Structures are given as structure tokens and as C-alpha cells.
Amino acid sequence: MIQVRNLTKKYGDFFALNDVSFDIERGKIYGFLGPNGAGKSTTMNIITGCLSATSGSVTVDGKDIFDKPLEAKRKIGYLPELPPLYTEMTPAEYLAFIAQAKGVSYEDAPRKIREVMEQTGISHVADKLMRNLSKGYRQRVGIAQALLGDPEVILLDEPTVGLDPKQILEIRELIRELGKTKTVILSSHILAEIRATCDHILILSHGRLVANDSIEALEQSAMADSSLTLALKGTSGDASAILEPIEGILGIQASCDETEDGICRFVLDIDPKHDPRDAIFYALAEHKMPIVEMGIHHATLEDIFLALTSDEMPSEEEIEVAESETEEYIPVFSAQQDEQTEEKEEADQ
């Protein structure tokens, strides 16, 4: 559905994106994950045609976002991190304006507005001023405007920022519902959010793509870094001698806790293909060494994320200075505005 190839965005000497390539398939929910300043919003702004790229290409259903912006943008609905709302309007008035800006026909607009309001659960607040709505409902209005025009791809940039826990759960459920009929790209720096809603994860760090895989595959790779914590009554030397021959134990780190009389604690590196817990239990029981605690720890997606993004990110001040040195930002054009621009260029020629 979307192909991103060798995408690079520079602000002076600073790389906001550095040679990023990936594919977005139809019918999946994708998660962009990364620390603040990693390049998530920049990527989404370029995909939607709101920001120019230094180099590289983006095609949406075969249409280049830079060469054929009108055709490409018609495939996309976008909710920026700050929803573009007019708070003196009601949701119904605002969506009518957005429908006109997107080129929805006058005859179809009322029906399509009703549909997106029902889909996002804002029908009962349709006639209230948006300045009086909660942030959660404003986010829903923002998602509703992204859905107008029936785009095939929905991009949501930090859709739950600033929401309370109840609102976050509601927006997550809405995103999962959208994923049943749309291709959804969700940007966040919160791993739990991505984990709860997405099928596929892309992790950005320092403007580079450092992970691109399904959640299942990433979890499977995390299984390779498994350890077992063990606390027992006995001496460290004797316990180590008993544990070393057991199949599945790759390494032993021991530390006796002097505050607990006779308790030794171990961290065992284990082979994920061989669970040694039964063998450990029987071996220690044979030598009358009672087990106090035992549990396996698998490296989690959080561990993978931290390992891939642990390097120091550029400060917000550095990013702001770099951005202020350029004037490459392209305003969001509606399909109707793009059409008028193309007609004017043809007339000038």
C-alpha cells in the first residue's frame, strides 16, 4: 500500500531521518515507536505530503506523494499530534467544512458526516462547541476528520497524548475497530500503546529504522535472551557445582545475601529451547537444598526497545534550531486545493 525508499530529511547538518526504507501492507495496524525526536512525526508528515524530503521517495498505492500529490493524498487520512480543530465550531460544523475542503460532494456530505460521527462516537456532542469538549472527544473529532473522504490509510500521530486512562482505553478500542476496515499507522513513544493495538512494529532511533517486524517475531527474538533467577538455602560453591552439569544452563552468576541467613541467589543464563527448572528442582532436592524462589525472565519488547534506542538523543533545543534554519514545510493541502493549483499551473503554461 505504501512504499518508503531511502527517505532522508536533513536540517542543516542534523539528520531527522537517515536513509529509511519500509513497506506498509493493506489491512494491518502499524506502530511507529521511538523516543521523542527519533523521527516519527517527521516520517508521518512526509508520508502525508505535509513536509518535503531531502531525498528518497514515498508512494501511496503506486502514486508518488511528491509527483502526484492529489492522487496520493486522496488515499490518506491524517490526525496530527495537535488536531487541527476550530474550537469556536461544533463538530458538525467543523466536519462539514472538512468535507468541503476534501472535495466530498454536496449530496454525499451529510451522510458521510453522520457515518464518521457514529464510527467515532461523537454523534451526541455534534452540536456542542468544541472548546467545551474534553480532550478525549476532541481527539475523536480529529479522527473523524481523518476518516472523511473514505481514505484507505489512516495515520494517527500520538493520538492518546494528554488523555486520562479511561479515554486512552476508548481511543485504543476505536483504533482497533478502524483496523478492521483500514490500514492504520499509529505513532507513539509509549510501548504499551503500540503493544495493545498494533500488528507490526517499526522502531526509529536517531532518524534510522532499527527494527521492522511483527510483534510475534520481536517477542520470539526476545526469547533468545532468557535468564532464570534462583534463591536457595545452601552454600554458593556447592550449589554451583550441582547446577553446572544441568542441560539448558549456559552460565551461572552467584551472589550470597548475607542479610538472609543461608540464602544464596543466582542468575542463570538459560537456553530458551531447554527449560531446566524441573532438573534444577530434583537436583537440589537430592542434595537437600530447599528452593526459596525460582522464576524465568524473558527479555521483553521494553528490553529490546531500550537496547535499540539507549543512545543519547539530540536535545529539543538542537532540533528546534535546525528546524528554524529551514523553510521546507509544506502546508496540508486538501484535494480540492491541490486540484485548483494544478489547474492554475496548466493555465499558466
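Below you will find a few notes about this structure. Each residue is numbered by its place in its chain's sequence as written, counting from 1. Whole-chain, interface and lining totals are the exception, using all residues; otherwise, since this is a predicted model, local features are given only for residues with pLDDT of at least 70 and side-chain atom pairs are given and counted only at 80 or more. Values reported for side chains reflect all heavy atoms of the structure, with hydrogen atoms and water molecules removed beforehand.

Another aspect to go through is the sheet that holds strand S6 (residues 76-79). Note on pairing: two strands pair once DSSP finds at least 2 bridges between them. Helix and strand definitions follow DSSP, with helices as H or I runs of at least four residues and strands as E runs of at least two, each counted in order from the N terminus. Reading across from one edge, S6-S7-S8-S3-S9-S10 is the order of the six strands in this open sheet, with mixed pairing throughout. For this open sheet the edge positions go to S6 and strand S10 (208-214), each flanked by a neighbour on one side alone. Adjacent strand axes in the sheet meet at a mean angle of 15° when their direction is disregarded. Pairing of strand S7 (residues 153-157) with strand S8 (residues 183-188) involves five bridges; the strand directions are parallel. When the sheet's bridge partners are listed, Val153 is paired in S8 with Thr183. Any two residues whose heavy atoms approach within 4.5 Å at even a single point are treated as in contact. Lines fitted to the C-alpha atoms define the axes, with helices restricted to the stretch that makes contact. Angles between their N-to-C directions range from 0 to 180 degrees. Sheet contacts for helix H1 (residues 40-47): strand S3 (29-33), S6, S7, S8 and strand S9 (200-205); angle to S7, the most-contacted strand, approximately 150°. Helix H6 (residues 165-178) contacts S3, S7 and S8 of the sheet and is inclined by roughly 150° relative to S8.

Pairing is antiparallel in the open sheet, where four strands are placed in the order S2-S1-S4-S5. Pairing within the sheet leaves two strands with one partner each, and these edge strands are strand S2 (14-24) and strand S5 (63-64). Relative to the sheet, H1 contacts strand S1 (2-11), S2 and strand S4 (55-60), its axis offset from that of S2 by approximately 60°.

Before going further, it helps to spend a moment on the packing of aromatic side chains. Between the rings of Phe, Tyr and Trp (Trp by its six-membered ring), a pair exists once the centres lie within 6.5 Å; its type follows the angle of the planes, with under 30 degrees stacked, over 60 edge-to-face, and the other angles tilted. In total, this model carries four aromatic pairs according to the counting rule given. Here Phe22 and Phe32 contribute two aromatic rings whose centre-to-centre distance is 5.4 Å and whose plane-to-plane angle is 75°, an arrangement assigned as edge-to-face. Placement of the pair is Phe22 in strand S2 and Phe32 in strand S3, with a sequence separation of ten residues. Note on accessibility: Phe22 and Phe32 belong to one class, buried. Plain terms: the ring middles of Phe281 and Tyr282 are 5.3 Å apart, the flat faces sit at 75° to each other, and that makes the pair edge-to-face. For Tyr282, a relative accessible area of 59% gives the class exposed. These aromatic residues form a ring-pair network of at least three members: Tyr86, Tyr94 and Phe97. Criterion for a charge above a ring: Arg CZ or Lys NZ at most 6 Å from the ring centre, at most 35 degrees from the ring normal. When the ring centre of Tyr137 is taken as origin, the NZ or CZ atom of Arg140, which lies over that ring, is 6.0 Å away. Here's how the labels work: a residue is buried when its accessible area is under 20% of the maximum for its type, exposed when over 50%, partly exposed in between, all with a 1.4 Å probe on protein chains only.

From the geometry alone we can't say anything about function, so treat these as descriptive.
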